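Okay, here's what each chain looks like letter by letter:
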Amino acid sequence: MKRKFFWIFLLSGTLTVYAGNTNQGQNGLAYLKIAVDARAVGMGEAYTAVAEDASAVYWNPAGMLKAKRSNVLFNHNEWIQDIRGEFAAISLVRRKSAWGFHLRSFNIGEIPVRIIASSQPLESTSAHYFSAGISYARRIHPRAEIGLTLKYLFEKIYVESADGIGLDIGLMYRTPLKGVQLGFCIQNFGKMNNLKSESSNLPLIVRLGGLYQLPVFSAKFRGSLASDIIFITHENIRIHLGTEWLFWQQIALRAGLLSGYDSRSVSLGLGFCRPSIRLDYGFIPFGEDLGSTHRFTLSFLL
């Protein structure tokens, strides 16, 4: 039984491989590194300084206060190799503070179980991941907000399960330069309890982001440029660049570049916007015959 569980645990690491990361395999719960919100994905995941709705509870909780009204967001992730994820969040915005709540699940099906090398597995199993969190943001200066997200984490592989706690801390700052904003977030302070006999290490992530909203030359369209530098414990540095162009306040076209990944480098996105509702799609193709990922997001104001 111990040997069987070892192979299941080893094979569950395919999530890290699918994520396209160059690392030493020292981080667990790799789904925490997989982006939510199709708008963010379309912009190359350069979103630390951009986040401004309920998705901020993931990207940078301080961003909740960039929204003028409370809002709700639902995201579906068609990841590669039949891996799927769901994310739902609500942000309740007040004049100088905001509260957020989120639920997230991630499922890997059909993991083959082997105790020796063979063409046919003994059986198939699955892995399930879940998180739920509460966020709070506060304006601390006319140009700055700070935010926190406290989240409960759960993982189950085969018949074994474990839980833990994680904490994110974020900051937003609007510089004196017109249209320039900065974002900073540290994610996944915390610890998991033992899964069987060993605990998973949370991927500690540091995000530094910038946003430049281009000058408005026409009422028909406006554009923005964004960038992120991401540091993850035991992994290489990643650089994300993204852009968004909004036409007639209704149609958004997005594109991004990602550096530091083994099998992905570009992203594309499309959005349809109305005064109180937004529908977004984000696409990232993977190399090495892994397929492509599709993100769908529906968000609306309350």
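Because the structure is predicted, anything quoted here is derived from the model rather than measured.

As for the overall build of the chain
Thought 1: Helices and strands together make up the secondary structure of the chain, namely four helices and 16 strands.
Thought 2: Accessible surface for the chain amounts to roughly 14000 Å². Of this, 63% is attributable to carbon and sulfur atoms.

Structural notes on unusual backbone geometry
Thought 1: We note that Asp-37 has phi near 80°; this positive angle belongs to a residue other than glycine.
Thought 2: Structurally, the position occupied by Asp-37 is in the loop between α2 (14–18) and α3 (38–42).
Thought 3: Judged by relative accessible area, which is 0%, Asp-37 ranks as buried.
Thought 4: Positive phi values are uncommon outside glycine, yet Gln-249 reaches one of about 60°.

Observations concerning the packing of aromatic side chains
Thought 1: This structure, assessed with the given rule, holds 11 aromatic pairs.
Thought 2: With a centroid separation of 5.5 Å and an interplanar angle of 65°, the aromatic rings of Tyr-47 and Trp-59 are classed as edge-to-face. Of the two residues, Tyr-47 sits in the loop between α3 and α4 (56–59) while Trp-59 sits in helix α4, which places them 12 residues apart along the sequence.
Thought 3: Residue Tyr-47 is classed as buried on the basis of its relative accessible area of 0%.
Thought 4: Among the aromatic residues, those joined into a cluster by ring pairs are Phe-221, Trp-245, Phe-247 and Trp-248.
Thought 5: Above the ring of Tyr-261, the side-chain terminus of Arg-238 is found at 4.9 Å from the ring centroid.
Thought 6: For Arg-264, the ring lying beneath its charged end belongs to Tyr-261, and the centroid distance is 4.2 Å.

A few points about the side chain of Thr-48
Thought 1: Within the fold, Thr-48 resides in the loop between α3 and α4.
Thought 2: Within the structure, the side chain of Thr-48 is placed 2.5 Å from the side chain of Asp-228, a separation counted as a polar contact.
Thought 3: Leave out the neighbours within four places in its chain, and Thr-48 touches Asn-60, Met-172, Gly-183, Phe-184, Cys-185, Arg-207, Gly-209 and Asp-228.

Structural notes on the environment of Ser-199
Thought 1: Considering the arrangement of structural elements, one finds Ser-199 in strand β9 (residues 198–199).
Thought 2: Residue Ser-199 is classed as partly exposed on the basis of its relative accessible area of 25%.
Thought 3: With 36 residues separating them in the primary sequence, Ser-199 and Asp-163 have C-alpha atoms 9.4 Å apart.
Thought 4: Apart from residues lying up to four places away in sequence, Ser-199 is in contact with Met-192, Asn-193 and Asn-194.

A short note on the environment of Phe-74
Thought 1: Take Phe-74: it is sitting in strand β1 (residues 71–78).
Thought 2: You can call Phe-74 partly exposed: its relative accessible area is 42%.
Thought 3: Separated by 226 residues in the primary sequence, Phe-74 and Phe-300 place their C-alpha atoms 9.3 Å from one another.
Thought 4: When sequence neighbours within four positions are dropped, the list of residues in contact with Phe-74 reads Phe-87, Ala-88, Phe-296, Thr-297, Leu-298 and Phe-300.

Some words on the pairing of strand β2 (residues 84–93)
Thought 1: On β2, burial follows the alternation: Gly-85, Phe-87, Ala-89, Ser-91 and Val-93 on one face are buried, whereas Arg-84, Glu-86, Ala-88, Ile-90 and Leu-92 on the facing-out side are not.
Thought 2: Pairing of β1 with β2 involves eight bridges; the strand directions are antiparallel. Looking at β2, one finds that Asn-77 is bridged to Gly-85.
Thought 3: Once β1 ends, the chain turns through five residues before running back antiparallel as β2, passing Gln-81 with a positive phi of about 55°.

Digging into the confidence of the model for the chain
In low-pLDDT segments, the atomic positions of the prediction should not be examined closely.
Thought 1: Of the residues in the chain, 87% have a pLDDT of 70 or more, and the chain-wide mean is 87.
Thought 2: Looking over the chain, one finds the lowest element-wise mean pLDDT in helix α1 (residues 2–11), namely 40, and the highest in α4, namely 97.
Thought 3: Across residues 1–19, where pLDDT falls below 50, the model places 47 contacts with residues more than four positions away in sequence or in other chains.

Parameters and conventions
Position numbers for residues start from 1 in each chain and track the written sequence from start to end. In keeping with the model being predicted, local features are shown solely for residues with a pLDDT of at least 70 and side-chain atom pairs are shown and tallied solely at 80 or more, while totals for entire chains, interfaces and linings include all residues. Computation of side-chain values covers all heavy atoms of the structure but excludes hydrogens and water. Helical segments are the DSSP runs of H or I of at least four residues, strand segments are the runs of E of at least two, and each set is numbered from the N terminus. In this description, accessible areas are obtained by the Shrake-Rupley approach with a 1.4 Å probe, and a residue is regarded as covered only by the protein chains that are shown. Exposure classes here rest on a 1.4 Å probe applied to the protein chains alone. A residue is buried below 20% of its type maximum, exposed above 50%, and partly exposed in between. Think of it this way: a Phe, Tyr or Trp ring, Trp meaning its six-membered ring, pairs with another when their centres are within 6.5 Å, and the plane angle makes it stacked under 30 degrees, edge-to-face over 60, tilted otherwise. By definition, being over a ring means that NZ of Lys or CZ of Arg is both within 6 Å of the ring centre and within 35 degrees of the ring normal. Pairs of N or O atoms within 3.5 Å make up the polar contacts considered here, provided that, within protein, one atom can donate a hydrogen while the other can accept it, and that residues adjacent in sequence are counted only when both atoms are side-chain atoms. Whether two residues are in contact is decided by their heavy atoms: any pair within 4.5 Å suffices. Strands qualify as paired when DSSP identifies two bridges or more between them. The pLDDT value tells you how sure the predictor is about a given residue, anywhere from 0 up to 100.

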